[in-house]
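Each chain, written out:
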Amino acid sequence: MTATAPRAPRAALPDADPAPLPPAVPARVAWFFGGLTAALLALAVVAAGSGHLHIPPAEVLGGLARGLGLELGPEPSHPNGYAALWTIRFPRVVMAMLVGAALAAAGALMQGVFGNPLAEPGVVGVSSGAAVAASATIVLGVSVAGPWTTAGAAFLGGLVATFAVYALARSGGRTEVVTLVLTGVAINAVCGAVLALFTFLGDTQEREQIIFWQLGSLNGTRWAYVAIVAPLVVVGLLAAGAMARRLDLLALGERSARHLGVDVERLRVVAVVVVALLTAAAVAFCGIISFVGLVVPHLVRMAVGPGHRVLVPASALGGAVLLLAADLVARTAVPYADLPIGMLTALVGGPFFLWLVRRTRRQAGGWA
């Protein structure tokens, strides 16, 4: 019997499937989610007890338990403490969590579907478009859907603005970073001009409401608003999570993603709709809150890696923490004043955006 010579290893074909993105370290992911969850719960208790009427954390937990029908913990000692918690504080805390999660998840989704680190709902005009449509309902007195009118108009405005940026920035089957940003700047400028027109046409009360949109604030949040925003955010987050695997494949390149069965254009269209849904839900009652969708996904990506199955939910949790902390600062930094939360997030996000632009340009070797 003659021994057969061992076969040489088969060379990899040029068109072989590329390896998927490496999974994040499980222990690091678990610690990260645990830390964010603990920070969110602690911030929620502190935020609910902070303000003109200070309520200790134990009484906040006791008031929460009694509102849920449980006889646990001490009751708020102040006569108006329980009413303040459930009428003003708790709705605002929940809204901050929902809006932060929506904006951060929308940012992670936008960056994944466009394949660049500079994409963010506010940068590409979806926030401004949603605010313009909502402001139009204020000035024109449209109320065809009752309390859902503003949210519905914001959704349509954000959708139109997002598709406009996508259509104008895409050329030759590609969406370049610089073109995307410049197109977003143009859309934001147009939306700013329309907002100025509505400001001119509106009366004093309507102008104040439009200024509210431009500055962004959680002041005046009520449970009725939370009931409208929460279903939109939940649906958007579930849809974003369902696209995580295909976004990982898209990160390998459009050609590789198509080879692995991903309909790239359909994925982008669905992602644009989800981003518009999440951003419109955030803008509908709180105004323009910038840069949350830009800052949070990058910080999360540095901690747990680029895999979207971890990145999307972690960004949502991180966004809730960030916006809740920003709202706490907005309510307590200046005595007897409620600072615009959009101003605070822009103060943090603006320098981060400039650093990211320089870092991206340096890694790409220039844009010329």
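Since the structure is predicted, the reported quantities are computational estimates derived from the model, not experimental observations.

### So, the overall build of the protein chain
Along the backbone of the protein chain there are 14 helices and two strands. In the protein chain, buried positions account for 48% of the 368 residues. Taken as a whole, the protein chain presents about 17,900 Å² of accessible surface, with 67% of it coming from carbon and sulfur.

### Structural notes on a nonpolar patch on the surface
Together, Leu-61, Leu-64, Leu-68, Leu-70 and Leu-72 line one region of the surface with nonpolar side chains, adding up to about 470 Å² of accessible area. Tracing the sequence through the fold places Leu-68 in the loop between helix H2 (57–67) and helix H3 (81–114).

### Overview of the packing of aromatic side chains
Counting across every chain of the model gives three aromatic pairs. Residues Trp-86 and Trp-223 carry aromatic rings whose centres are separated by 6.2 Å and whose planes lie at 35° to one another, so their mutual orientation is tilted. Placement of Trp-86 in helix H3 and of Trp-223 in helix H8 (residues 223–242) is noted, with a sequence separation of 137 residues between them. Judged by relative accessible area, which is 37%, Trp-223 ranks as partly exposed. Arranged with centres 4.7 Å apart and planes meeting at 10°, the rings of Tyr-225 and Phe-285 form a pair that is stacked. Placement of Tyr-225 in helix H8 and of Phe-285 in helix H11 (residues 264–286) is noted, with a sequence separation of 60 residues between them. Looking at Tyr-225, the relative accessible area reads 34%, which means it is partly exposed. Ring pairs connect the aromatic residues Trp-86, Phe-90 and Trp-223, which therefore count as one cluster.

### What to know about the packing of H3 against helix H13 (residues 308–332)
Close contact between H3 and H13 brings their axes to 7 Å; oriented N to C, the two are set at 140°. In terms of orientation, H3 and H13 fall into the oblique class. Between H3 and H13 lies a crossing of right-handed hand. Mapping the contact onto sequence places Arg-89, Arg-92, Val-93, Ala-96, Met-97, Val-99, Gly-100, Ala-101, Ala-104, Ala-105, Ala-108 and Gly-112 in H3 and His-308, Leu-311, Ser-315, Ala-316, Gly-319, Ala-320, Leu-323, Leu-324, Asp-327 and Arg-331 in H13. Classifying every residue of the contact of H3 with H13 by side-chain character gives 13 nonpolar, five polar and four charged.

### Some remarks on unusual backbone geometry
Apart from glycine, the bulk of residues carry a negative phi angle, and the bulk of peptide bonds sit in the trans form. Unlike most non-glycine residues, Phe-291 shows phi in positive territory, near 70°. Relative to the helices and strands, Phe-291 is located in the loop between H11 and helix H12 (292–304). Judged by relative accessible area, Phe-291 falls into the buried class, the value being 18%.

### Some details on the packing of helix H4 (residues 126–140) against helix H5 (residues 148–169)
The geometry of H4 relative to H5 is characterised by a closest axis approach of 7 Å and an angle of 140° between their N-to-C directions. Between H4 and H5, the angle falls in the class oblique. Where H4 crosses over H5, the two elements pack in a sense that is right-handed. On H5, the residues that touch Val-126, Gly-129, Ala-130, Ala-133, Ala-134 and Thr-137 of H4 are Thr-149, Thr-150, Ala-153, Ala-154, Gly-157, Gly-158, Ala-161 and Thr-162. Counted by class, the contact of H4 with H5 contains seven nonpolar, seven polar and no charged residues.

### Here's the deal with the confidence of the model for the protein chain
Detailed reading of predicted coordinates is not advised where the pLDDT is low. Scored by pLDDT, the protein chain comes out at a mean of 83, with 90% of its residues at no less than 70. Mean pLDDT in the protein chain bottoms out at strand S2 (residues 174–175), which sits at 66, and peaks at H13, which reaches 93. The low-confidence segment residues 1–19 (pLDDT under 50) makes seven contacts with residues lying over four places distant or belonging to another chain.

### Considering the pattern of salt bridges
According to the stated counting rule, one finds six salt bridges in the structure shown. Note that Arg-66 and Glu-71 form a salt bridge whose closest N and O atoms lie 3.6 Å from each other. Across the pair Glu-75 and Arg-66 runs a salt bridge whose closest N-O atoms are separated by 3.5 Å. Within the structure, one salt-bridge network assembled from shared partners comprises Arg-92, Asp-327, Arg-331 and Asp-338.

### Let's talk about the nonpolar core
Grouped together as the largest cluster of nonpolar side chains are 86 residues, with contacts concentrated most on Val-99, Leu-109, Ile-289 and Leu-324. Among the elements that make up this core, the one with the highest residue count is H3 (20 residues). Once you skip the residues sitting within four places of it in the chain, Leu-324 turns out to touch Leu-40, Leu-43, Ala-44, Ala-47, Val-93, Ala-96 and Met-97. In terms of nonpolar packing, the next biggest core, distinct from the first, is built from nine residues, Ala-131, Ala-134, Ala-280 and Val-283 among them.

### Some words on the layout of surface pockets
By volume, the second largest pocket is sized at about 440 Å³. Lining the second largest pocket are 22 residues, and of these Gln-209, Phe-212, Tyr-225, Ala-284 and Phe-285 lie nearest its centre. Taken together, the elements giving at least two residues each to the lining of the second largest pocket come down to H4, H5, helix H7 (204–215), H8 and H11. Per-class residue counts for the lining of the second largest pocket are 11 nonpolar, 11 polar and no charged.

Conventions used here
- Residues numbered from 1 in each chain as written.
- Predicted model: local features only at pLDDT ≥ 70, side-chain atom pairs only at ≥ 80, totals over all residues.
- Heavy atoms only, no water.
- Helix = DSSP H or I, 4+ residues; strand = E, 2+ residues; numbered from the N terminus.
- Buried < 20%, exposed > 50% of the residue type's maximum accessible area, 1.4 Å probe, protein only.
- Areas by Shrake-Rupley, 256 points an atom, 1.4 Å probe, with all protein chains shown as cover.
- Patch = residues over 30% accessible without salt bridge, like charges linked within 9 Å, V, L, I, M, F, W, Y side chains within 5 Å.
- Salt bridge = Lys/Arg side-chain N within 4 Å of Asp/Glu carboxyl O.
- Phe/Tyr/Trp six-rings, centres within 6.5 Å; stacked < 30°, edge-to-face > 60°.
- Axes fitted to C-alpha atoms, helices over the stretch in contact; angles between N-to-C directions.
- Parallel < 35°, antiparallel > 145°, perpendicular 65-115°, else oblique.
- Left-handed = near helix turned anticlockwise from the far one by under 90°.
- Contact = heavy atoms within 4.5 Å.
- Nonpolar A, V, L, I, M, F, W, Y, C, P; charged D, E, K, R; others polar.
- pLDDT = per-residue confidence, 0-100.
- Core = buried A, V, L, I, M, F, W, Y, C linked by side-chain atoms within 4.5 Å.
- 1 Å grid on protein atoms, 1.4 Å probe; cavity = no way out; pocket = protein on both sides within 12 Å on 5 of 7 lines; lining within 4 Å.
- Points joined across faces, edges and corners; volume = space filled by probe spheres on them.

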